[in-house]
Structures are given as C-alpha cells and as structure tokens.
Amino acid sequence: MKKIILFASGSGSNAEKIIRKCQETKIIQVVKIYTNNPSAKVIERAKSLNVPVEIFNREDLNNGIVAEKIHLDAPDLIVLAGFLWKFPEAIIKNFENKIINIHPALLPKYGGKGMYGMNVHQAVLDSNEKETGITIHFVNEHYDEGGIIFQKSVNIEDCSSVVEIADKIHVLEHRYFPEIIEKLLM
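What counts and what doesn't
- Residues numbered from 1 in each chain as written.
- Predicted model: local features only at pLDDT ≥ 70, side-chain atom pairs only at ≥ 80, totals over all residues.
- Heavy atoms only, no water.
- Pairing = 2+ DSSP bridges.
- Helix = DSSP H or I, 4+ residues; strand = E, 2+ residues; numbered from the N terminus.
- Axes fitted to C-alpha atoms, helices over the stretch in contact; angles between N-to-C directions.
- Contact = heavy atoms within 4.5 Å.
- Salt bridge = Lys/Arg side-chain N within 4 Å of Asp/Glu carboxyl O.
- Buried < 20%, exposed > 50% of the residue type's maximum accessible area, 1.4 Å probe, protein only.
- Expected span 1.5 Å × (residues − 1).

Our focus in this paragraph is the sheet that holds strand 5 (residues 99-103). Within a sheet, neighbouring strands are paired by backbone hydrogen bonds and run either parallel or antiparallel to one another. Overall, mixed pairing links the seven strands, which are arranged 3-2-1-4-5-6-7 in an open sheet. At either end of the open sheet lies a strand with only one pairing partner, and these are strand 3 (53-55) and strand 7 (148-155). Here the strands of the sheet are splayed against their neighbours by 20° on average, with no regard to which way each runs. Of the pairings in the sheet, the one linking strand 6 (residues 131-138) to strand 7 comprises seven bridges and is antiparallel in character. Each residue of the ladder has a partner; that of Ile134, found in strand 7, is Lys152. With respect to the sheet, helix 4 (residues 65-73) is in contact with strand 1 (2-8), strand 2 (28-35), strand 3 and strand 4 (77-80), its orientation differing from that of strand 2 by roughly 170°.

Right, dumping it as structure tokens:
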C-alpha cells in the first residue's frame, strides 16, 4: 500500500476529497494530516475520517521536528492541500519530486509569495481573464515554480466575483487532485 501525508492550513475540502478517494481505492492510505492551524476545519474532517492529525508551529517546521516526524511516516508522496507556509528546503531535498501542491490558477500566471486563495482569484478578476484553472506541480525551493504535473482550465467569462471564480476552481480541484495523486502513485 502506498502512503501519503497531507499538509493543510484551512477548511480541508481538498484533503477530505483526497482521503475519501484513497479510502475507496484501498491502495493508497493517508497516514497523517499535518496542520499549522490548531483551529483549522481540516482537523474535524480528518478526525471524522479516522486520519491522525499532527499540529505544529513554525519553529517545529524550521528546526527539523516536522522533518523527523515525516521521516517516521515514510510517505511515498507529500501533498500540500491548502498549506500556506513555504516548505523548508531540507524537507524538499529529502523528498525530491515527492512533494506536490495545487495552485488555484494556471501557472506561471498568478503564482508566487502571497498568491493563494482569494488573492489569486482577485488578481484573475482584476485582469479580466477569460479563463483560469488549476495547476498541480512539484514543490521546489521557490513558490509555485516546481515542475508542472497537470493543468486544467475553466471559462470564467460569466463570473463577476471572486466567489464565483473560487466555486469553479473548487470543482476542478475536487475532481482532479485526487485523480492525479492516484496516477502519480501507480
């Protein structure tokens, strides 16, 4: 059985979809969710799906405590599913091409520090884009610059708010992120 760990900071809707898909396939197991936010809704979702949660702070991430725990988990893949902090280079080097992230835009547009969630959707809306989408990519030492694994676009000409754009992006994320994870591990 392949093992993955998830990192999430917020509501955990992508994490839940990934966990459910893995539970259906019975060939991939989410062994743990790591979160830096002790009040994140992802904690409730994980507990309801019987996935252990590890809560950590920035010091734990930067001084190697999280890296040691990841090593003990021995994941085949690390998945960032709404995790907002920059990943430490030491972890990236130890798990080269085994850490992936999902970005709510078609990279290289609208990537980089501070470009997450509604910030991305606002930038897309302000630029009068006709389409946007998702990018699943490997994580490297630079924000949103790792190799692209998968992209899917969606037309947003009918959207007049960031909420409408976000809704369309969530549909793409929930459909494709679990599928791409499964393909990467097969």
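And the narrative resumes.
Turning next to the pattern of salt bridges. In the structure shown here, the tally under the stated rule is nine salt bridges. Between Arg20 and Glu16 there is a salt bridge, with its nearest N and O atoms 2.9 Å apart. Here Arg20 pairs with Glu16, and both are found in helix 1 (residues 13-25), just four residues apart, close to one helical turn. Here Lys69 makes a salt bridge to Glu54, at a shortest N to O gap of 2.6 Å. Here the residue Lys69 occupies a position in helix 4, and Glu54 occupies one in strand 3, the gap between them amounting to 15 residues. Given the relative accessible area of 30%, Lys69 is considered partly exposed. If you follow the salt bridges from partner to partner, you end up with Lys32, Glu54, Lys69 and Asp73 in one network.

For helix 7 (residues 162-185), spanning 24 residues, the distance from its first C-alpha to its last is 33 Å, which sits close to the expected 34 Å at 1.5 Å a residue. Those residues of helix 7 that fall on the buried side of the exposure criterion are Val162, Ile165, Ala166, Ile169, Leu172, Glu173, Tyr176, Phe177, Pro178, Ile180, Ile181 and Leu185.

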